[in-house]
Amino acid sequence: YRAFGPRCARRNRDLLRHVGTADTARDLNLLRRAVGDPKLNYLGVSYGTFLGATYANLFPRRVRAMTLDGNIDPRSWVHRRLRANGGTFLPTFLRQLSDEGLAKTISAFLGRCGSTGTASCAFSAGSAKETTEKWARLLSRLPTDSAGTSYPELFSQTAAGLYVSARWPDTAKRIQDVEETGAASRPAPAPTPGILFEGRAGVPNAGRYAGPEQGISVFCSESPNPEAAAFPSLARLAHERSGPAGSFWTWYAEVCADWPARAADRYAGPWDRRTASPVLVIGNTHDPATPYTGSQAIARQLARGRLLKVKGYGHTTLFNPSTCASDYEGHYFVDGKLPPKGAVCHQDPKPFSAP
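First things first, this report covers the structure right here in the doc. (Residues numbered from 1 in each chain as written. Predicted model: local features only at pLDDT ≥ 70, side-chain atom pairs only at ≥ 80, totals over all residues. Heavy atoms only, no water.)

### Focus: the packing of helix α8 (residues 151–161) against helix α9 (residues 168–181)
The cut-off we apply is this: Axes, fitted as lines to C-alpha atoms, cover a helix only where it is in contact. Angles between the N-to-C directions of the axes lie from 0 to 180 degrees. Numbered from the N terminus, helices here are DSSP runs of H or I no shorter than four residues, and strands are runs of E no shorter than two. The scheme is simple: roughly parallel for angles under 35 degrees, roughly antiparallel for over 145, roughly perpendicular for 65 to 115, oblique for anything else. A clockwise turn of the near helix away from the far one marks a right-handed crossing, whereas an anticlockwise turn of less than a right angle marks a left-handed crossing. Working rule for contacts: check all heavy atoms of both residues, and any pair within 4.5 Å makes them a contact. Lys, Arg, Asp and Glu make up the charged group, whereas Ala, Val, Leu, Ile, Met, Phe, Trp, Tyr, Cys and Pro make up the nonpolar group; the residues left over, Gly among them, are polar.
Running from amino to carboxyl end, α8 crosses α9 at an angle of 165 degrees, the nearest separation of the two axes being 9 Å. In terms of orientation, α8 and α9 fall into the roughly antiparallel class. Relative to α9, the crossing made by α8 is left-handed. From α8, Leu 154, Gln 157, Thr 158 and Gly 161 reach across to α9, where they touch Trp 168, Thr 171, Arg 174, Ile 175 and Val 178. Along the lines of polarity and charge, the residues of the contact of α8 with α9 split into four nonpolar, four polar and one charged.

Here it is, written out as structure tokens:
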């Protein structure tokens, strides 16, 4: 990473200061104007929720319909401290509580796996408790660095596999392969549209390169992160809070420790400018990247946010469908009708359900 940042700066010169979210929101407004739309219709998922919130506050009178799905907490994205952590300078994804979201989702994955038989979940040990213990034993005996499957490799592949709940049976099979042979017989899933860093390999029309560098250049230029030397102790702190998920999400942000650019146009609030239309906010209760707390936070911060809770698993409802949520979303985009306050939807189908 120390070599990567300066090399990126050499190749891109002043461009790196102008790829941030506020720049993109202004480009989005130019696109709206170019096609002759008086107001914007926008669906933002994951990082796209922060882009949407930024647009809504830069151009509040230009919002016709905006749905934000799988939400980033804007304030903790752009500000370096949270009172609840006693002034400790936490990396971005610990401020977002992504570690707690991942730990909660892993617990649900193991619990649902254990409550079904091995025909539906290959890793099942017969109960939620025994399956959770089986997972802990497997992690404890894996090497941290190995030519075969290592602890970080298995954990990272498992975290990626939890983004789409329909893939949970494949993820469980891959873990069971490691349990039995020390190596997964199935390849890891194609990268899913993750919080920001994930590439789009395996996605149709992948003719253009779309690796993680673009996302890194946006994220690192506008979201504060500690110096590299702080990360080992922060990882230990996060591990105490949420186990291996804490270490995973701590190191995710270390790429920014030596990043050479700062956004020239960085929007850091306010987030409560009154938009021409209300904003629909959707969040899964078990999201391994953008936890439900982020959706609650952005709904509170927006002047006209309406929160729709989805009792479901995985990263965003777009990739983990809920017919109930989709119906509400469709009515909102077509005729501006919001779900009633306090509305709750359920995901379909549940992970490990029969086809």
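### Observations concerning the pairing of strand β2 (residues 63–69)
What counts is decided by this rule: Exposure is judged per residue with a 1.4 Å probe applied to protein chains only, and the accessible area is read against the type maximum: over 50% gives exposed, under 20% gives buried, and values in between give partly exposed. When DSSP finds two or more bridges between a pair of strands, those strands are recorded as paired. Throughout, right-handed denotes a crossover for which the path from the first strand over the helix to the second runs clockwise when the strands point away from the viewer.
Counting buried residues in β2 gives six out of seven residues, a clear majority hidden from the surface. Relative to β2, strand β1 (residues 40–45) is paired through six bridges, and the arrangement is parallel. Looking across to β2, one finds that Leu 43 is bridged to Thr 67. As for the winding sense of the linkage, the β-α-β connection from β1 through helix α3 (residues 47–58) to β2 is right-handed. Where β2 meets strand β3 (residues 279–286), four bridges bridge the pair, whose relative direction is parallel. When the bridges of β3 are listed, Met 66 appears paired with Val 279.

That is the geometry; function is a separate question.
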